[in-house]
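Overview (structure and organization)
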Amino acid sequence: MKKNYLTLFFLCFSSIVISQDIELYQQFNGQYDYTAIGATLNSCENNICGICEIEDSATANLTMQASQTVVAAYLYWAGSGSGDFEVELNNQPISAERSFSRFLSFNSGEFEFFSAFADITTIIQNTGNANYTVSEIDLQNAIIPYCNNATNFGGWAIIVIYEDNSLPLNQLSIFDGLQGVSVDQPNLTIQLNNLSVIDNNDAKIGFLAWEGDSSLGIEENLFVNGNEISNPPLNPAGNAFNGTNSFTNSSELYNMDLDFYNIENNINIGDTQATIQLHTGNGFSGDLILINNVITVLNSILPDPSPEINTINTTCFSSEVTINYTVNNVNCTGVLPPNTPILFYVEGELIGQTQTQNEIPIDGSESGSLTVNLPVNASTETEITMIVNNDLNGDIVVPEINEDNNETSSTFFLPVFEIAIEPNDLEACDETDNNDITFFDLTQNSALITGNQTNLEVNYFENETLAESNLSFIDDPSNYPNAENPQEIFVRLTSEFDDDCYLVDSFMLIVNETPLANQGDNLTACEYNAETGTAFFDLTENNDLIVDGQSNTELNIYSSEENAINNEDEIQNPTNYQNIENPQNIYVKLSNADHPECYSISTFQLQVTSISMGEIITEFKECDPDGEKAFFDLTQNTSLAIDGQENISIHYFETETQAENNVSWIDDPEDYENIANPQQVFVRISSTENEDCYLIDSFLLSVYAIPVTGEPDDLTSCDDYTNDEIATFNLTENDNTIIANQNNTILNYYLTEEDALNNENEIINITNYTNTSNPQTIYARLSNSSYQECYTLTNFQLNVLPVTSQNSNESLLLCDLGFNQAYFDITEIENQINLTSSQTIEGYYLSEEDASFQQNPINSPEYYRNTAAPQTIYMRIEEDGKCYQILSFSISVENCPPIIPDGYSPNGDGMNDTFEIKGLYDIFENFELKIFNRYGTLIYQGNNNTPEWDGTSTEGINNVGSQLPSGTYFYILNLNDANYNLYRGWVYLNR
């Protein structure tokens, strides 16, 4: 199955391979060889079984001989996918220390393969012969995309390097990486370097490879130095990588190979490299092979010299040094001959050379020493390079196993240094007690002395003897109290690498006097009727207190301690300074005039007391029947005057002088009786924090008389036609009675006694007031016009009397003059009713409401044209001492018989020109009139909408509009009124 599939695959798709080259990892020289164990995670060859499953653990057995000692052991594990780098070996967690990867990019996607490495030497040495299980290799999800092209695999191998005294001297080299071949890249060449072949007897090469298939041995050839190698029947020619293990002769190591080959006929004595070539496929189909490591075991007898610098001895302030060194010959297979050259360099410049004195055996060494002078330009920190077995041209002198370990370097420090800059004398300010003792930071001079020089130790001493002997240095030089003033201090500069290399210098400590800034007095000021909290101060008032007679001083004043310390923003106008906050601290700096850095700072406070008089009551008013004396609560002004201010006291006084002097204040201001009317009282508010800050104001006490009311009359009014007990009243009718000729009064009316007491909701329309109940009490308040709280209340009642309204059952009737109307003399009704002598008719009205309110009267009752038939007319009757009456009657019209003339003369003279029937038009509005000639012919038809007959024909085809001749004509008049029959008769037309 896989063979056919791969043939199609490689024919149809191209791939790009990314891998990591096989390179030398480790080399062992001596009586060494190796063995290997391993196990596959595939249950069968992926090219054949077609199962897309993989195990996560597998076991193999390690069996070694008693003469074989484990020197190193390496675990490799690999598989399809990006990798699992955390596994377990016999239940011990193992993390990958190195990893390799290879990518194959196809048109259908990119496929990655991985390998991981861990050094497990200690585990194998401690465990020895046993079964080894590698587990937790989780590849099941990773292999799924690989199953379709049969490249799913996983497995592990352990390479064990051992030493056996029965073995010849060998060079064992381990090369690893991850390279491979496929049908698109069928050839691979691996160059193995750093080999040393002195005898090809039993030379062998081993491989750890992945993904090889026994069923895909299609021109799968393995070459060493151009010669194909094989190991039939396990590894036949043309199918080198076929899932086999040469160490166990197993052919069931599915999709991995752990094989070795004898190559004594494929390598020559003296070879230093070998070429490995791998080929697969016929151009259409081929196996995928991944090489993970290559191990060679070759006979070798060569030394391997390596240098070691043990110590470098120096001399103070000298460039001469002595190098103590060792030449080692370890990890080798041969002795190192004498006179092997040894070279020493500083920054590429040769400074000395020597050679080995004796033959150095395998795993032996030789030590020696050499004194050299360093170059003039050598730095304090210098690196010496030692090279063994090279001539001055850099060529190898004695053939050796490893040419890469012939060089070593060591860095040392030359004890050559100087005092970079002379130390400064240190000056400090005394404490304000001026005892000539203070603390110094001596380390301020450390950077000057050392400069850019390194690896130097700086110490400070109280005398030169101690400095020279390097004894009793000052423990805390950054906080040192001087012992005398002035005092000399000695500084010693010592090499950290040689205590005998040192220099000594000195500098002076000087303590300068610091004046004491004494405490000044706090300054206060008052601010009136404002809340800025600011005022102007003379800050120099405290100068004498602060200086207190000290000489050679300088005084400066600042608004903050920071400014005082930094000499910034000194107050420029101290005699007229306005504070910027309240309270505000002022800082005074008193300095040594010769040494301004020696100073002390004191502080005092500026306090501005702000006080303002609130809006007080300007006049207290009280009532008295006589208007002379009363008791007052003056403290009503207390909270107003203080107005929320804190730390304020308040008193009341009868005179301004008392208030100014704050004496003889009123003892009981809550119940004070006036001594004059009006009387002025003075109030004083003072700050309790500064009694010099006060304000005085005054107000009046006034006593007003209480007016006395007269007894008012009740007021009566007649109701209107509705008899709803609501009427209008003129309340001012009682004004004179209530005021009773008193002056300076105000009279107001109210609906309730409470409103009258509170002087609120007074009645506004007192001359036209409408009552709200019947009867209703009205409250009158008579107040002193100067102070309305002085008042007396009284009351009276409003009464509404009912009005009589009735129908007289009388009426007036006239003939209809048209449209149900006629002209009436409605005063004729007076003949039909009986009035008493005290009753008079006030007027006639069209409605009961108009009669009641005397509005819209009938102006010409003797000639009134009705507007309805029938129509009610209302007369208002007045009677002394009583309420008016309303009496109603009706007027109406009737249709009277029409008056029909016997003839008329339509001659255009303006008289009787039409057949005019009086009482007809607009009275009998539905009448019908027909006129016939003497022959019975209809010549005219008329109704309420046609004009009267003027002798012209309105009927007949040929007669319409013709004037009729004089003669007698017959008429028929139908009034269409149930009260009248038809009228028939003759009329004469006279032209």
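Residues numbered from 1 in each chain as written. Predicted model: local features only at pLDDT ≥ 70, side-chain atom pairs only at ≥ 80, totals over all residues. Heavy atoms only, no water.

1. Brief notes about the side chain of Gln 821
Tracing the backbone through its elements, the reader meets Gln 821 in the loop between β51 (804-815) and β52 (823-824). Within the local environment of Gln 821, its side chain forms a polar contact with the side chain of Arg 865, the two groups lying 2.5 Å apart. Once residues within four sequence positions are removed from consideration, Gln 821 is found in contact with Cys 815, Asp 816, Arg 865, Asn 866, Thr 867 and Val 893. (Helix = DSSP H or I, 4+ residues; strand = E, 2+ residues; numbered from the N terminus. Polar contact = N/O pair within 3.5 Å; in protein donor to acceptor, adjacent residues only side chain to side chain. Contact = heavy atoms within 4.5 Å.)

2. Overview of the sheet that holds strand β35 (residues 553-558)
An order of β33-β38-β37-β35 is seen for the four strands of this open sheet, with the pairing classed as mixed. Whereas interior strands pair on both sides, the edge strands pair on one side only; in this sheet they are β33 (523-528) and β35. Between one strand axis and the next, the sheet turns by 25 degrees as a mean value, whatever way the strands run. Bridge count between β33 and strand β38 (residues 599-611): six bridges; the pairing is parallel. Directly across from Tyr 528, in β38, lies its bridge partner Ile 611. (Pairing = 2+ DSSP bridges. Axes fitted to C-alpha atoms, helices over the stretch in contact; angles between N-to-C directions.)

3. Comments concerning the sheet that holds strand β6 (residues 86-89)
The strand order β4-β10-β6-β7 describes an open sheet built from four strands, whose pairing is antiparallel. Edge positions in the sheet fall to β4 (58-62) and β7 (92-95), since each of these pairs with one other strand and no more. Taken pair by pair, the neighbouring strands of this sheet meet at an average axis angle of 30 degrees, ignoring direction.

4. Examining the packing of aromatic side chains
Under the defined criterion, the tally for this structure stands at 37 aromatic pairs. The interplanar angle of 75 degrees and the centroid separation of 5.3 Å between the aromatic rings of Phe 111 and Tyr 146 together place this pair among those described as edge-to-face. One end of the pair, Phe 111, is in strand β9 (residues 109-119); the other, Tyr 146, is in the loop between α3 (140-143) and β11 (154-163), and 35 residues separate them in sequence. A single burial state applies to Phe 111 and to Tyr 146, both of which are buried. Among the aromatic residues, those joined into a ring-pair cluster are Tyr 904, Phe 915, Tyr 940, Trp 949, Tyr 969 and Tyr 971. (Phe/Tyr/Trp six-rings, centres within 6.5 Å; stacked < 30°, edge-to-face > 60°. Buried < 20%, exposed > 50% of the residue type's maximum accessible area, 1.4 Å probe, protein only.)

5. Regarding the state of the cysteines
Here a disulfide denotes a covalent bond joining the sulfur atom of one cysteine to the sulfur atom of another. According to the stated counting rule, one finds eight disulfides in the structure shown. One disulfide bridge connects Cys 429 with Cys 598, the sulfur atoms lying 2.0 Å from each other. On the S-S bond that ties Cys 429 to Cys 598, the torsion sits near -85 degrees, and the link is left-handed. With Cys 429 in strand β27 (residues 426-429) and Cys 598 in the loop between β37 (584-592) and β38, this pair connects stretches of sequence that are 169 residues apart. Both residues of the pair, Cys 429 and Cys 598, count as buried. The disulfide partner of Cys 718 is Cys 883, and the gap between their sulfur atoms is 2.0 Å. Because the torsion about its S-S bond is -90 degrees, the bridge between Cys 718 and Cys 883 counts as left-handed. Highlighted residues: Cys 718 in strand β45 (residues 715-718) and Cys 883 in the loop between β55 (871-879) and β56 (885-894), separated in sequence by 165 residues. Judged by relative accessible area, Cys 718 falls into the partly exposed class, the value being 29%. (Disulfide = S-S within 2.5 Å.)

6. Here's the deal with empty space enclosed by the protein
Applying the stated criterion to the full structure yields six cavities of 30 Å³ or more. Looking at the second largest cavity, the residues that line it are Thr 380, Phe 413, Leu 414, Pro 415, Val 416, Phe 417, Gln 453, Thr 454, Asn 455, Leu 456, Ser 495 and Phe 497. Taken together, the residues of the lining of the second largest cavity break down into seven nonpolar, five polar and no charged. (1 Å grid on protein atoms, 1.4 Å probe; cavity = no way out; pocket = protein on both sides within 12 Å on 5 of 7 lines; lining within 4 Å. Points joined across faces, edges and corners; volume = space filled by probe spheres on them. Nonpolar A, V, L, I, M, F, W, Y, C, P; charged D, E, K, R; others polar.)

7. What about the confidence of the model for the chain?
Of all residues in the chain, 97% have pLDDT values of 70 or greater, and the mean over the chain is 91. Low pLDDT, under 50, characterises residues 1-19; the stretch is placed with 53 contacts to residues that sit more than four places away or in other chains. (pLDDT = per-residue confidence, 0-100.)

8. Side note on the nonpolar core
Among the nonpolar cores identified, the biggest contains 32 residues, and Trp 77, Ile 94, Ile 120, Tyr 132, Trp 156 and Ile 158 are the most heavily contacted of them. If you list the elements that add at least two residues to this core, you get β3 (32-40), β4, β5 (69-80), β6, β9, α2 (121-127), β10 (130-135) and β11. Judged by nonpolar contacts, the second largest core, of 30 residues, contains Tyr 146, Ile 159, Leu 172 and Leu 178. (Core = buried A, V, L, I, M, F, W, Y, C linked by side-chain atoms within 4.5 Å.)

9. Overview of the pairing of β6
The two faces of β6 differ: Val 87 and Leu 89 on one face are buried, but Glu 86 and Glu 88 on the other face are not. Between β6 and β7, which follow one another and run antiparallel, lie two residues, and Asn 90 among them has a positive phi close to 50 degrees. For β6 and β10, the ladder comprises two bridges, and the chain directions are antiparallel. Paired with Leu 89 across the bridge in β10 is Val 134.

10. Digging into the pattern of salt bridges
A full pass over the atoms with the stated rule returns five salt bridges. Lys 204 is paired through a salt bridge with Asp 33; the nearest N and O atoms lie 3.0 Å apart. In this pair, Lys 204 is assigned in strand β14 (residues 199-210) and Asp 33 in strand β3, connecting sequence segments 171 residues apart. Here Asp 176 and Arg 98 are joined by a salt bridge, their closest N and O atoms 2.8 Å apart. With a gap of 78 residues between them, Asp 176 in strand β12 (residues 170-181) and Arg 98 in strand β8 (residues 98-106) connect regions that are remote in the sequence. Classification of Asp 176 as buried rests on a relative accessible area of 3%. (Salt bridge = Lys/Arg side-chain N within 4 Å of Asp/Glu carboxyl O.)

11. Quick word on a negative patch on the surface
Taken together, the side chains of Glu 53, Glu 55, Asp 56, Glu 136 and Asp 138 make up a negatively charged region of the molecular surface. On the secondary structure map, Asp 138 appears in the loop between β10 and α3. Under the relative-accessibility criterion, Asp 138 is labelled partly exposed at 49%. (Patch = residues over 30% accessible without salt bridge, like charges linked within 9 Å, V, L, I, M, F, W, Y side chains within 5 Å. Areas by Shrake-Rupley, 256 points an atom, 1.4 Å probe, with all protein chains shown as cover. Lys, Arg positive; Asp, Glu negative; His and termini not counted. Charge placed at Lys NZ, Arg CZ, Asp CG, Glu CD.)

12. Let's talk about unusual backbone geometry
A cis amide bond, omega -5 degrees, links Asn 582 with the succeeding residue Pro 583. With respect to the helices, strands and loops of the structure, Pro 583 is situated in the loop between β36 (577-578) and β37. Cis peptide bonds are those with omega within 30 degrees of zero, and the linkage from Ala 869 to Pro 870 qualifies with -5 degrees. One can find Pro 870 in the loop between β54 (864-865) and β55.

13. Comments concerning the side chain of Asp 84
Positionally, Asp 84 belongs in the loop between β5 and β6. Among buried Asp, Glu, Lys and Arg side chains, Asp 84 stands out as unpaired, with Arg 98 the closest opposite charge at 18 Å. Only 2.9 Å separates the side chain of Asp 84 from the backbone nitrogen of Asp 138, close enough to count as a polar contact. Leaving out residues up to four positions away in the same chain, Asp 84 has contacts with Trp 77, Phe 114, Glu 136, Ile 137, Asp 138 and Leu 139.

14. Regarding the environment of Phe 284
Checked against the element boundaries, Phe 284 lands in the loop between β18 (274-279) and β19 (289-299). In this structure, the C-alpha to C-alpha distance between Phe 284 and Asn 926, residues 642 residues apart in sequence, is 130 Å.

15. Remarks on a nonpolar patch on the surface
Together, Leu 817, Tyr 823 and Tyr 863 line one region of the surface with nonpolar side chains, adding up to about 350 Å² of accessible area. In this structure, Leu 817 sits in the loop between β51 and β52.

16. Brief notes about the pairing of β18
Pairing of strand β13 (residues 187-192) with β18 involves six bridges; the strand directions are antiparallel. The residue bridging Ile 190 from the neighbouring strand is Ile 276, located in β18. Direction of pairing for strand β15 (residues 221-224) relative to β18: antiparallel, over a ladder of four bridges. Counterpart to Leu 222 in the pairing with β18 is Leu 278.

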